[in-house]
2 protein chains.
Amino acid sequence: MPARGDHDARRRDVSAAVWRVLAARGFGGLTLRAVAAEMGASTGLLTHYFPSKRELLRHALDVADEHTSARERTAPRGPGLAALRAALLDVLPLTAEATAMNRVWVSSWDAALSDPELGGRETERYARWRTGLRAHVEAAQRLGELPADADPGDLTLVAASFAHGLVVQALFAPGHIPAERQLRLLDRFLAGLAAGGAAPAGG
Amino acid sequence: MPARGDHDARRRDVSAAVWRVLAARGFGGLTLRAVAAEMGASTGLLTHYFPSKRELLRHALDVADEHTSARERTAPRGPGLAALRAALLDVLPLTAEATAMNRVWVSSWDAALSDPELGGRETERYARWRTGLRAHVEAAQRLGELPADADPGDLTLVAASFAHGLVVQALFAPGHIPAERQLRLLDRFLAGLAAGGAAPAGG
């Protein structure tokens, strides 16, 4: 029994060290050596957990998923557009913690685009995220808050794209785009999505 | 004279090999060894050009900048909103070449977020990009195509964010978001930006 407890505690130590390395240096700085140094352990110990770099990357995505799932969520003030707004707020770098999390996810894109398995995980992650957003979009359409004639998948993709892109812009220009400006931009964007009516013929 | 020509030709070979490695593996896969292998040269030769990893990363950003500047641009059908649309089209992964270029830029974010010098370059790059977009936004406001009462910097940031985020979504789901859908999403987005009116009170 104590051995099992030690084992679990050690796994938690490893995961915590992986997270600290990710938050400080991103996926590009994630190495067995960096995690070992963060734990004050030997690289040899780490190879016991991660026989290859890919195992380490895979675990790092799990750790990032866990942190993301465990974060505090914004309580929506209602269904439809308000719920969509709350869900988008939850991905913006509005706090130091959310900034660290976004920095990790943005850094994961390089590794994911180079590796079909990791890339497939990200593709599924974003598809699940969009599915969640789409439920709010469809509710907002039923409530008359978003154009009923628009394709809900398109509205969802436009909203998801805006939020992801704002994350990137804000990470590179935190002084230019502080939290209060992100909120203003989100509301400007949502006002447009709500007022958007029919898309013009491309021209 | 011939020596000089050889030197320039060799530099071009190095830059071309750096680009091919970036396009295939991103910044995370960019190593002296990978560039040397791509050229059929020795790693020793490469250390002559790049004494450190950082020199290689710095050069890689230069190479990516050159490719980006040299790309074909969309001819706008007019000033204002049409010019904004054309400028946003120029960043979307609508072709194989534009996809490769975007894959390189997205992969650069990890390295840039870990390194103040490289990060500073990206921050300036995106500030310059937004300055260019803002000129079109202001023209569109004067033409009555975008809400005159909106802050042009905010409209510009919303547009830049949408485009960057769509790049990321499309890179991870190319089958779900092919070129024609990107165009439809862009037009849906621009219709909203045009119709957006006053931003609602946050709520």
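For clarity, every value in this text was computed on a predicted model and none was experimentally measured.

Calculation rules
Residues numbered from 1 in each chain as written. Chains lettered and ligands numbered in written order. Predicted model: local features only at pLDDT ≥ 70, side-chain atom pairs only at ≥ 80, totals over all residues. Heavy atoms only, no water. Contact = heavy atoms within 4.5 Å. Buried area = accessible area lost by both parts, 1.4 Å probe. Salt bridge = Lys/Arg side-chain N within 4 Å of Asp/Glu carboxyl O. Polar contact = N/O pair within 3.5 Å; in protein donor to acceptor, adjacent residues only side chain to side chain. Helix = DSSP H or I, 4+ residues; strand = E, 2+ residues; numbered from the N terminus. Nonpolar A, V, L, I, M, F, W, Y, C, P; charged D, E, K, R; others polar. Least-squares fit on C-alpha atoms with pLDDT ≥ 70 in both. Axes fitted to C-alpha atoms, helices over the stretch in contact; angles between N-to-C directions. Parallel < 35°, antiparallel > 145°, perpendicular 65-115°, else oblique. Left-handed = near helix turned anticlockwise from the far one by under 90°.

A.B. asks: Can you lay out the interface of chain A and chain B for me, pointing to particular residues and giving the numbers?
C.D. replies: Across the boundary between the two partners, chain A contributes 57 residues, which contact 57 residues of chain B. When the two sides are added together, the surface that chain A and chain B hide from each other amounts to roughly 4,700 Å², 62% of it contributed by carbon and sulfur. Remark: the boundary between chain A and chain B carries eight salt bridges. Residue A:Arg103 pairs with B:Asp110 through a salt bridge whose shortest N-O separation is 3.7 Å. Linking chain A with chain B are 16 residue pairs in polar contact (both at pLDDT 80 or more). Counting residues per element, the ones that place at least two in the side of chain A that touches chain B are helix 6 (96-114), helix 7 (116-142), helix 8 (152-172) and helix 9 (179-195) of chain A. The dominant element in the side of chain A that touches chain B, judged by the number of residues it contributes, is helix 8 of chain A, at 15 residues. Considered class by class, the residues forming the side of chain A that touches chain B number 27 nonpolar, 17 polar and 13 charged.

A.B. asks: I'd love a proper account of the relation of the copies chain A and chain B, names of residues and values included.
C.D. replies: At an RMSD of 0.0 Å, chain A and chain B line up after a rotation of 180 degrees and a shift of 0.0 Å along the axis. The transformation relating the two chain copies, once decomposed into turn and shift, fits a two-fold axis. Here 100% of the interface residues in chain A have copies in chain B that are interface residues too; the copies meet face to matching face.

A.B. asks: Run through the packing of helix 4 (residues 53-70) of chain B against helix 7 (residues 116-142) of chain B, naming residues and quoting values.
C.D. replies: Residue and element names in this part refer to chain B. Contact pair helix 4 / helix 7: the axes reach a minimum separation of 11 Å and the direction vectors enclose 15 degrees. Judged on the interaxial angle alone, helix 7 and helix 4 are roughly parallel. Regarding helix 4 and helix 7, the two cross each other, and that crossing is right-handed. Note on element contacts: helix 7 touches helix 4 through Glu-117, Leu-118, Arg-121, Glu-122 and Arg-125, opposite Arg-54, Leu-57, Arg-58, Leu-61, Asp-62 and Asp-65. Partitioned by chemical class, the residues of the contact of helix 4 with helix 7 number three nonpolar, no polar and eight charged.

Bear in mind that shape data such as this cannot, by itself, settle questions of function.
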